[in-house]
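Read off the chains here:
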Amino acid sequence: SEQWLIRSEKLSVIGQLAAGVAHEIRNPLTALKGFTQLLHRNADSNSRYYEIMMGELERINYIVGEFMVLSKPHHRQELKAENLHDILIGIVPILESQAILHNVVLRIEPPSEACLVRCDMNQIKQVLINLMKNAIEAMPTGGTIDIRYERDRIKGEVAVWIEDDGPGIPAELLERLGEPFFTTKEKGAGLGLMVCYKIVETHEGRLSIRNRPPSGAAVTLTLPLWERGGIVA
Ligand code: ADP
Ligand code: MG
């Protein structure tokens with residue numbers, strides 16, 4: 001309806017403003033970080049304060065980074081044919097230390113056949129990293145994340161399933177996932193899923209999150225196959 005249209009236009013203006021501001025914050029932030037490190041090196045300063053300052057600067061950096069994804073004026077999305085398995089294997093080293101710390105095992109099911117998706121690899125990496133971080137964070141005492149995928153030639157897409165055995169998501173909160181700043185974590189920014197939904201939408205894919213019995217969350221990410229259009233056998 002018209003009302004919805006106005007609302008989504010407003011949101012996109014706000015999103016662009018936020019992204020612009022985020023971009024402007026990056027440079028002074030980099031300077032702040034650098035000089036904080038220099039001060040720490042040159043003075044016999046209180047290292048507890050230093051840790052807190054660096055931690056908080058890191059946090060601002062993280063939030064700003066998530067906002068910049070919303071509308072990146074300087075990086076046009078580049079859709080190419082990418083091997084899904086390579087993308088999945090490529091993010092393991094990024095998550096490994098956090099997974100080990102949490103006693104979480106990442107299991108990626110080997111593919112029966114190569115699968116080329118149409119995507120901007122860095123953006124899809126970011127989606128997968130955000131989703132897996134959520135899964136790791138949901139299992140503070142350890143667990144397993146199972147990742148598998150299956151292509152559907154008829155629909156011209158691939159579905160990726162990411163399943164954890166954490167507590168899952170309370171039913172009444174399911175519809176709030178992806179809402180900006182919605183978080184149940186003490187140190188959460190509540191921006192990860194919003195960014196995921198945004199990226200997946202621009203890829204003409206789908207993202208859904210549900211609970212799976214007896215416990216745990218299951219995410220399904222659908223992305224278009226490179227050969228969609230039906231030329232390649
Ligand atoms: P953040 O991770 O900063 O909280 P997100 O947008 O990534 O922000 O996630 C929003 C909320 O969704 C989380 O705070 C958490 O409550 C819930 N959530 C997301 N993924 C999972 C999961 N795998 N298991 C349980 N809860 C989850
Ligand atoms: Mg998150």
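Labelled according to an unreviewed UniProt entry, the protein appears under the name histidine kinase, originating from Cohnella nanjingensis.

Here we come to the overall build of the protein. From N to C terminus, the protein includes five helices and seven strands. The order of α-helices and β-strands along the protein, N terminus first, is α-α-β-α-β-β-α-β-β-α-β-β. Counting every position in the protein, which comprises 233 residues, the buried fraction comes to 23%. Across the protein, contacts joining residues at least 24 apart in sequence account for 73% of those joining residues at least 6 apart.

Let us now look at the site of ligand 1. If you check the shell around ligand 1, you find 20 residues, and the closest are Asn134, Thr183, Gly188, Gly192 and Leu193. For the shell around ligand 1, the elements supplying multiple residues, two or more each, are helix H4 (121-137) and helix H5 (192-202). Counting residues per element, the shell around ligand 1 draws most heavily on H4, which supplies three residues. Here the residues of the shell around ligand 1 sort into nine nonpolar, nine polar and two charged.

Here we take up the sheet that holds strand S6 (residues 206-211). One open sheet accounts for five strands, arranged S2-S4-S5-S7-S6; its pairing is mixed. Since the sheet does not close on itself, it has two edges, and those belong to strand S2 (104-108) and S6, each with one partner. Within the sheet, the average angular offset between the axes of one strand and its neighbour, ignoring direction, is 15 degrees. Strand direction decides the pairing type here: S2 and strand S4 (residues 143-152), joined by five bridges, are parallel. In the sheet register, Arg107 faces S4, and the bridge partner there is Asp146. Across the sheet, H4 touches S2, S4, strand S5 (157-164) and strand S7 (217-224), and the angle it forms with S5 is around 20 degrees.

It is worth spelling out helix H3 (residues 84-101) at this point. Between its terminal C-alpha atoms H3 stretches 26 Å, which fits the 26 Å expected from 18 residues at 1.5 Å a residue. Of all the bends found along H3, the most pronounced is centred on Leu95 and spans about 55 degrees. For H3, the set of buried residues is Leu84, Ile87, Leu88 and Ala99. Note on H3: the residue one or two positions beyond its end, Asn103, has a positive phi of about 65 degrees.

Following the sequence through the fold, Leu191 ends up in the loop between S5 and H5. Spatially, the C-alpha atom of Leu191 lies 9.9 Å from that of Tyr62, the residues being 129 residues apart in sequence.

Let us now look at the packing of H3 against H4. Contact geometry of H3 with H4 gives a least axis separation of 10 Å together with a crossing angle of 35 degrees. As for the relative orientation of H3 and H4, their crossing is right-handed in sense. Facing H3, whose interface residues are Ile87, Leu88, Gly90, Ile91, Ile94, Leu95, Gln98 and Ala99, H4 presents Met121, Ile124, Lys125, Leu128, Ile129, Met132 and Ile136. Residue classes in the contact of H3 with H4 are distributed as 12 nonpolar, two polar and one charged.

This part is about unusual backbone geometry. The omega torsion across Pro213 and Pro214 is -5 degrees, close enough to zero to call that bond cis. Its identity is not glycine, yet Asn103 carries a phi of approximately 65 degrees, on the positive side. Look at Glu204: it is not a glycine, yet its phi comes out positive at around 60 degrees. Positionally, Glu204 belongs in the loop between H5 and S6. With 13 C-beta atoms packed within 10 Å, Glu204 lands in the partly exposed category.

Another point: the confidence of the model for the protein. Caution applies to low-pLDDT parts of the model: their predicted coordinates are not meant to be read in detail. Of the residues in the protein, 87% reach a pLDDT of 70 or more, and the chain-wide mean stands at 86. Confidence scores differ between elements of the protein, with helix H1 (residues 2-42) showing the lowest mean pLDDT of 76 and S7 the highest of 98. Confidence estimates for the predicted assembly give a pTM of 0.79 and an ipTM of 0.99.

Each value, and the rule that gives it
Residues numbered from 1 in each chain as written. Chains lettered and ligands numbered in written order. Predicted model: local features only at pLDDT ≥ 70, side-chain atom pairs only at ≥ 80, totals over all residues. Helix = DSSP H or I, 4+ residues; strand = E, 2+ residues; numbered from the N terminus. Buried ≥ 20, exposed ≤ 12 C-beta atoms within 10 Å, placed from the backbone. Contact = placed C-beta atoms within 7 Å. Near = placed C-beta within 6 Å. Nonpolar A, V, L, I, M, F, W, Y, C, P; charged D, E, K, R; others polar. Pairing = 2+ DSSP bridges. Axes fitted to C-alpha atoms, helices over the stretch in contact; angles between N-to-C directions. Expected span 1.5 Å × (residues − 1). Bend = angle between axes of the 7 residues up to and from the residue. Left-handed = near helix turned anticlockwise from the far one by under 90°. pLDDT = per-residue confidence, 0-100.

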